[in-house]
Amino acid sequence: MLKLTLDLIPQSAFYKNVRSEVSKSEWDKIRKEVYKKAGYICEICGKKDRLDAHEIFEYDEINNIQKLIGLVALCRLNINNVLDFIFEKRINIRISSIY
C-alpha cells in the first residue's frame, strides 16, 4: 500500500503534467499500463473502482527542475482528495510506500 504526504509545489510546476505533454492515444496507453501494474486497484486504499493515473514528481527548487519519478493508480475518492489539495492549496501530494 501507499500513503499520502504533503509537499509545497514550486510555482514553476503549476499545471504541468504528463497528460498535457503527450497525445491522447499515448496517454491512454500510459495510464492503462499504470492500472495494469497496480492490479486494477487503487494504490492507496485498495478499492476496485474507476481509476485515474496520477503523476509523482520530485522537485529541485534550486535548479528549477521538475522530475517525473512515477505514476500511480488512484480511485476517484483519492484522486479527488489529491486534486483538491493541489489546486486549492498549491500543495503537492507525495505518495510513498508505507513499508
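What you are looking at is a predicted structure, and each value in this text was computed from that prediction instead of being measured.

What to know about the overall build of the protein
What the protein contains, in helices and strands, is two helices and four strands. Helices and strands appear in the protein in the N-to-C order β-α-β-β-α-β. For the protein, the residues scored as buried account for 31% of the 99 residues in total. Look at the contacts in the protein between residues 6 or more apart in sequence, and 66% of them connect residues 24 or more apart. Only carbon and sulfur atoms are counted for the fraction: they give 53% of the accessible area of the protein, which is about 6,700 Å².

Regarding helix H1 (residues 24–37)
Across its 14 residues, H1 extends 20 Å between first and last C-alpha, which sits within 8% of the 20 Å expected from 1.5 Å per residue. Along H1, the residues that are buried comprise Trp27, Asp28, Val34 and Tyr35. Angularly, the buried residues of H1 cover 130 degrees about the axis, an arc narrow enough to put them on a single face. Exposed and facing more than 90 degrees away from the buried side of H1 are Lys29, Lys36 and Lys37. Turning to H1, the residues buried within the fold contact strand S2 (51–60) and strand S3 (65–75). Downstream of H1 by one or two residues, Gly39 has phi in the positive range, about 75 degrees.

A short note on the nonpolar core
One finds Tyr35, Cys42, Leu51, Ala53, Ala73 and Leu74 to be the most contacted residues of the largest nonpolar core, which totals 15 residues. At four residues, the largest contribution of residues to this core is made by S3. The contact partners of Tyr35, leaving out residues within four places of it in the chain, are Tyr40, Leu51, Asp52, Ala53 and Ala73.

With respect to the confidence of the model for the protein
Atom-level detail of predicted coordinates should not be read off regions where pLDDT is low. In this model, the protein carries an average pLDDT of 78, and 68% of its residues clear a pLDDT of 70 or more. Averaged pLDDT values over the elements of the protein bottom out at 51 in strand S4 (residues 91–97) and peak at 96 in H1.

The rules behind the values
Residues numbered from 1 in each chain as written. Predicted model: local features only at pLDDT ≥ 70, side-chain atom pairs only at ≥ 80, totals over all residues. Heavy atoms only, no water. Helix = DSSP H or I, 4+ residues; strand = E, 2+ residues; numbered from the N terminus. Buried < 20%, exposed > 50% of the residue type's maximum accessible area, 1.4 Å probe, protein only. Contact = heavy atoms within 4.5 Å. Areas by Shrake-Rupley, 256 points an atom, 1.4 Å probe, with all protein chains shown as cover. Expected span 1.5 Å × (residues − 1). Arc of directions from axis to C-beta. Core = buried A, V, L, I, M, F, W, Y, C linked by side-chain atoms within 4.5 Å. pLDDT = per-residue confidence, 0-100.

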